[in-house]
Amino acid sequence: DIELDEQTLDEQGLATIDLASRWAERKSPLQLTLQASLQESGGRPITRRLEQPVWPAKRLPGIRGLFSDDTVDADSQAEFEILVVDPQGQKLATDDLTVRLIRERRDYYWSFSDSDGWSYHYNEKYLNLSEENLSVAADGTAIISFPVEWGPYRVEVIDNQTGLLSSLRFWAGYRWQDNADGGAVRPDQVKLALDKPAYSAGDTAKI
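A brief report on the enclosed structure follows. (Residues numbered from 1 in each chain as written. Predicted model: local features only at pLDDT ≥ 70, side-chain atom pairs only at ≥ 80, totals over all residues. Heavy atoms only, no water.)

### Some thoughts on the pattern of salt bridges
1) Next: A full pass over the atoms with the stated rule returns 11 salt bridges.
2) Next: For Glu104, the salt bridge goes to Arg154, with nearest N and O atoms at 2.5 Å. Here the residue Glu104 occupies a position in strand S6 (residues 94-113), and Arg154 occupies one in strand S9 (residues 151-159), the gap between them amounting to 50 residues.
3) Next: Its salt-bridge partner being Arg106, residue Glu124 comes within 2.9 Å of it at the nearest N-O pair. Of this pair, Glu124 sits in strand S7 (residues 117-136) while Arg106 sits in strand S6; the two residues are 18 residues apart in sequence, bridging distant segments of the chain.
4) Next: When its relative accessible area of 27% is taken as the criterion, Glu124 is described as partly exposed.
5) Next: Taking relative accessible area as the criterion, Arg106 reaches 36% and is therefore assigned partly exposed.
6) Next: Look at the salt bridges and you will find they share partners, linking Arg100, Glu104, Glu131, Arg154, Glu156 and Arg169 into a network. (Salt bridge = Lys/Arg side-chain N within 4 Å of Asp/Glu carboxyl O. Helix = DSSP H or I, 4+ residues; strand = E, 2+ residues; numbered from the N terminus. Buried < 20%, exposed > 50% of the residue type's maximum accessible area, 1.4 Å probe, protein only.)

Written as structure tokens, this is what we have:
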């Protein structure tokens, strides 16, 4: 929230708001949302929202996974489409891209406190598994693939001409989801689940 000095509209019913940039040093695209309220003397507000994309440079690298739902099979090739584009959507030529495959390893652990009880946390490590140089033709894209095993990964594309980076997280292999209610089991709990959603008279329930 930004507190503004009180202003009065001019004879044409207009006023100008100037905001200092708080995003000039960002290294990736942003979608800014401005929500402003104009109040009459009685305090009744009229509120409007404005969304504005912000590009930090005249060109940015882009990356798209050629798979659905951010997931690929374990022990397979993860394939990606790479480009460099300007704010107008024009695909630019470059011979100076670096593409990295990074394994995101998470080691989970439980901790206990008197105020919060049991909660789980994790330590995260990043392992740089592969790095390749890549060229892209004008009005075109390039395809690159990496072998992956199981677990979380990240692909980074660095435009060495500008130093800007784009990244994409994805998962390789089946990701187990706990379908029973209650979330993860704490160290002081045992989770129980029934073998069927419903039973008839005389059935035996397995827990």
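### Structural notes on the packing of aromatic side chains
1) Next: Under the definition given, this model contains nine aromatic pairs.
2) Next: With a centroid separation of 5.5 Å and an interplanar angle of 85°, the aromatic rings of Phe67 and Phe80 are classed as edge-to-face. Taken together, the positions of Phe67 in the loop between strand S3 (60-65) and strand S4 (71-72) and Phe80 in strand S5 (residues 76-85) put the pair 13 residues apart, joining distant regions of the chain.
3) Next: Measuring from centroid to centroid gives 5.2 Å for Phe112 and Trp118, while their planes differ by 55°, and the two rings are tilted.
4) Next: Residue classification places Trp118 among the partly exposed positions, given a relative accessible area of 26%.
5) Next: Among the aromatic residues, those joined into a cluster by ring pairs are Phe67, Phe80, Tyr153 and Phe170.
6) Next: A cation over a ring is seen here: Arg154 above Tyr126, with NZ or CZ 4.8 Å from the ring centre. (Phe/Tyr/Trp six-rings, centres within 6.5 Å; stacked < 30°, edge-to-face > 60°. Lys NZ or Arg CZ within 6 Å of the ring centre and 35° of its normal.)

### Remarks on the nonpolar core
1) Next: Judged by nonpolar contacts, the single largest core of 21 residues is most densely connected at Phe80, Ile82, Val148 and Phe170.
2) Next: When neighbours within four sequence positions are excluded, Ile82 is seen to be in contact with Gly62, Ile63, Leu97, Leu134, Val136, Thr141, Ala142, Ile144 and Val157. (Core = buried A, V, L, I, M, F, W, Y, C linked by side-chain atoms within 4.5 Å. Contact = heavy atoms within 4.5 Å.)

### So, the sheet that holds S7
1) Next: Spatial strand order, S4-S10-S9-S6-S7: five strands in an open sheet with mixed pairing. The sheet is open, and its two borders are formed by S4 and S7, each paired with just one other strand.
2) Next: Pairing geometry for S6 and S9, over seven bridges, is antiparallel. Within the sheet, the bridge partner assigned to Leu101 lies in S9 and is Val155. (Pairing = 2+ DSSP bridges.)

Worth remembering: the numbers are spatial, not functional.
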